[in-house]
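Remarks on the overall topology
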Amino acid sequence: MSAVGRGAVLALDQGTSGTKGLLVAEDGRVVAAAHRPLTQQYPEPGRVEQDPAVLWRGVIGVAGELAAGAAAAGTRVVGLGLSVQREAVLVWDPDTGAALSPLVSWQDRRTAERCAKLAASAEGELISGRTGLPVDPMFSATKAEWLLDRLDPDHEAATAGRLRVGTVDAWLLHRLTGGATDATETGCASRTQLVRLDDADWDPELLDLFRIPRTALPRVAASDGAGEELGRTRNVPGLADGLPVAAVLGDSHAALFAQGHGRPGVVKATYGTGASLMVLNPEGRRPGEGIAATLAWRRTRDGGAAHALEANIASAGTAIRWAARLLGTDPAGIAALAAGAREDSEVCLVPAFSGLGAPYWDRGARALLVGMDFDTGPAEVARAAVESMAFQVADTLSRFDTVLAGAVAELRADGGPTGNDRLMALQAELIGRSVLRAGRPEVSALGVAYLAGTALGIWDDADLPALTPQGTRFTPHEDDAWRNRRMAGWHDAVACSRGKRA
Ligand SMILES: O=P(O)(O)OC[C@H](O)CO
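Model, not experiment: these values are computed from the prediction.

Within this structure's numbering, the places UniProt gives as "domain: Carbohydrate kinase FGGY N-terminal" (unreviewed entry) are residues 9-257. Helix and strand shares over residues 9-257 are 33% and 21% respectively, and the end C-alpha atoms of the span are 16 Å apart.

As structure tokens, this is what we get:
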């Protein structure tokens, strides 16, 4: 099959730490890749923001580089896929697309007090019942409320439709289409905590509760299309006009699509700034046990939305970055240091730097390092930081076993930290099952490329497994006694971090 054929998909993954892009040819080969980093600002304790202008420059930088590289790679761009960080929220001018606020990150905790009050009230039940999500500052609703209260105190401009509030996908869709598309993708919309699981649309009662006028929100759109649903490029530096935006997905959802190609039964764990475990939920199983229900995507051809279960671990890569700062190195240095740790070290890090997300959702928990002795040094602390990711994923996967009413056969792993073989090997030991590491780290870009390609008629779903780069399998060797002892040590440390004894 020639690479030119029906052309290539230009896939962008706009994430917290930067924008990555891949050009995926018809035969599935990644024929070009590009990246632009993105920084975060911490204006006050608990506040985490990003600059939308810098974010946009990164997106067009990556898109332009890939488009320019297409001819050299012997292909042409026939459509775009866009994967995005979720829950982060901003306000923009719907006429010009100009951002009127910083991007308030999903990590931002400025609305923690508001959320604690809501969670303790009857409204907390209403919110989680309708949206599937626990009341937590991670989700967009309270941050959107906070932004509108400051920018438009009487909500006059929002009510008159002169302001838009939304997530990164909606703002980028506006910018990529020269203002023609005023829409947010279904999966991203469901992470705002303003969308009903039942019919995948804004919930008027929740909008009232958070005082967000419907007129300030984009429409909730399907996740794919050949140009009609999500629009076409217009006035984007470096890109031709008229390219269909053929798919948009939340980054975690895109990783799930890359790992399972839309088939149920595949559980994936994405290790990033935090970590996300996700599985499709066609049976409509009830969440609980620290797991949330969410919408994965809505494919045009399917009509209704695909439901998923997701557990969000608050701190994964952040634990590595914390350890790197503490020990005066970088994340690669942490992996190298950890490899030299004493085998018998029992040092354990509970990275509850902003409390614990899944599976505990205890924002009052405090980070701690336990099990040290006089011989504990940087290597043991580094190893504890790496291991904290594996312990949290194992802990969370056991909740999936319960909710799914049966042990999950294997875990599919992706994301930057999964490049560490020791982490993957420990992960397999702690869950007592094999871990299949994705063949390329950029799974979110691949996932949205695959969905875009199906919408454009380049591929059928049945073609996707053969296109996907082969992964590496890690299998466990230890017995249950070993596993139970290690997990018991972890649970003891978690209990201490939550101010309880196990
Ligand atoms: O940008 P990432 O990869 O850390 O992902 C951010 C998530 O979508 C937040 O829920």
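With that settled, the discussion passes to the site of the ligand. Around the ligand, the neighbouring residues are Gly 15, Thr 16, Gln 85, Arg 86, Glu 87, Trp 106, Asp 251 and Thr 273. Take Thr 16: an N or O atom from its side chain is 2.5 Å from an oxygen atom of the ligand. The contact in question runs from an oxygen atom of the ligand to an N or O atom on the side chain of Asp 251, over 2.6 Å. When the ligand is considered free in solution it has 310 Å² of accessible area, and contact with the protein chains removes 83% of it.

Scanning the entire structure with this criterion turns up 38 salt bridges. In this structure, the salt-bridge partner of Glu 113 is Lys 117, at a minimum N-O distance of 4.0 Å. You can see Glu 113 and its partner Lys 117 sitting in helix 2 (residues 112-120), 4 residues apart, about one turn around the helix. The exposure classification of Glu 113 matches that of Lys 117, with both residues exposed.

As a further point, take the packing of helix 10 (residues 317-327) against helix 12 (residues 378-403). Where helix 10 contacts helix 12, the two axes come as close as 8 Å, and the packing angle between them is 170°. Our classification of the angle between helix 10 and helix 12 gives roughly antiparallel. Note on packing geometry: the crossing formed by helix 10 with helix 12 is right-handed. Across the interface between the two elements, Gly 317, Ala 319, Ile 320, Ala 323, Leu 326 and Leu 327 of helix 10 pack against Pro 378, Val 381, Ala 382, Ala 385, Val 386, Ser 388 and Met 389 of helix 12. A class-by-class count of the residues in the contact of helix 10 with helix 12 yields 11 nonpolar, 2 polar and no charged.

Attention shifts here to the pairing of strand 19 (residues 434-437). Of the two faces of strand 19, the one holding Ser 434 and Leu 436 and the one holding Val 435 and Arg 437 are both buried throughout. One ladder, built from 4 bridges, connects strand 18 (residues 410-414) with strand 19; its direction is parallel. Along strand 19, the bridge assignment pairs Glu 410 with Ser 434. You can see the chain leave strand 18, run along helix 13 (residues 421-431) and come back into strand 19, and the turn it takes is right-handed. As paired elements, strand 19 and strand 20 (residues 472-474) share 3 bridges and run antiparallel to each other. Its bridge partner being in strand 20, Val 435 is matched across the sheet by Phe 474.

Glancing now at the state of the cysteines. Across all of its chains, the model carries 0 disulfides by this definition. Cysteine Cys 188 remains unbridged, with the sulfur of Cys 115 as its closest cysteine sulfur at 19 Å. Take Cys 188: its relative accessible area is 2%, and that puts it in the buried class. You can see Cys 348 has no disulfide; the closest cysteine sulfur is in Cys 496, sitting 9.5 Å from it.

Quick look at the sheet that holds strand 13 (residues 275-280) now. Either a parallel or an antiparallel arrangement is found when strands of a sheet pair, and the pairing is made through backbone hydrogen bonds. Taken in spatial order, the 7 strands make up an open sheet running 14-15-13-12-18-19-20, and their pairing is mixed. Unpaired on one side and paired on the other, strand 14 (292-297) and strand 20 mark the two borders of the sheet. Averaged over all neighbouring strand pairs, the angle between strand axes comes to 30°, with direction disregarded. Relative to strand 18, strand 12 (residues 268-271) runs parallel, the two being bridged by 3 bridges. In the sheet register, Ala 269 faces strand 18, and the bridge partner there is Ala 413. Lying over the sheet, helix 12 contacts strand 12, strand 13, strand 15 (306-313) and strand 18, oriented at roughly 145° with respect to strand 15.

Now for the sheet that holds strand 3 (residues 30-37). Spatial ordering of the open sheet is given by 3-2-1-5-11, a layout of 5 strands whose pairing is mixed. Pairing within the sheet leaves two strands with one partner each, and these edge strands are strand 3 and strand 11 (245-250). Pairwise comparison of adjacent strand axes, ignoring direction, gives a mean angle of 15° for this sheet. Helix-sheet contacts for helix 9 (residues 251-260) involve strand 1 (8-14), strand 5 (77-84) and strand 11, and the interaxial angle to strand 11 is about 105°.

On to empty space enclosed by the protein. Counting across every chain of the model gives 2 cavities of 30 Å³ or more. Along the wall of the largest cavity there are 13 residues; nearest its centre are Val 165, Gly 166, Thr 167, Thr 192 and Leu 217. Broken down by secondary-structure element, the contributors of at least two residues to the lining of the largest cavity are helix 4 (140-151) and strand 8 (164-167). Each pocket or cavity is described by its volume, and for the second largest cavity that value is around 30 Å³. Considering the residues around the second largest cavity, the lining is formed by Leu 356, Gly 357, Ala 358, Pro 359, Tyr 360, Gln 392, Asp 395 and Trp 490.

Rules behind the numbers
- Residues numbered from 1 in each chain as written.
- Predicted model: local features only at pLDDT ≥ 70, side-chain atom pairs only at ≥ 80, totals over all residues.
- Heavy atoms only, no water.
- UniProt positions renumbered as here; feature names shortened; annotations may be inferred.
- Helix = DSSP H or I, 4+ residues; strand = E, 2+ residues; numbered from the N terminus.
- Near = heavy atom within 4 Å.
- Polar contact = N/O pair within 3.5 Å; in protein donor to acceptor, adjacent residues only side chain to side chain.
- Areas by Shrake-Rupley, 256 points an atom, 1.4 Å probe, with all protein chains shown as cover.
- Salt bridge = Lys/Arg side-chain N within 4 Å of Asp/Glu carboxyl O.
- Buried < 20%, exposed > 50% of the residue type's maximum accessible area, 1.4 Å probe, protein only.
- Axes fitted to C-alpha atoms, helices over the stretch in contact; angles between N-to-C directions.
- Parallel < 35°, antiparallel > 145°, perpendicular 65-115°, else oblique.
- Left-handed = near helix turned anticlockwise from the far one by under 90°.
- Contact = heavy atoms within 4.5 Å.
- Nonpolar A, V, L, I, M, F, W, Y, C, P; charged D, E, K, R; others polar.
- Pairing = 2+ DSSP bridges.
- Right-handed = clockwise from strand over helix to strand, strands pointing away.
- Disulfide = S-S within 2.5 Å.
- 1 Å grid on protein atoms, 1.4 Å probe; cavity = no way out; pocket = protein on both sides within 12 Å on 5 of 7 lines; lining within 4 Å.
- Points joined across faces, edges and corners; volume = space filled by probe spheres on them.

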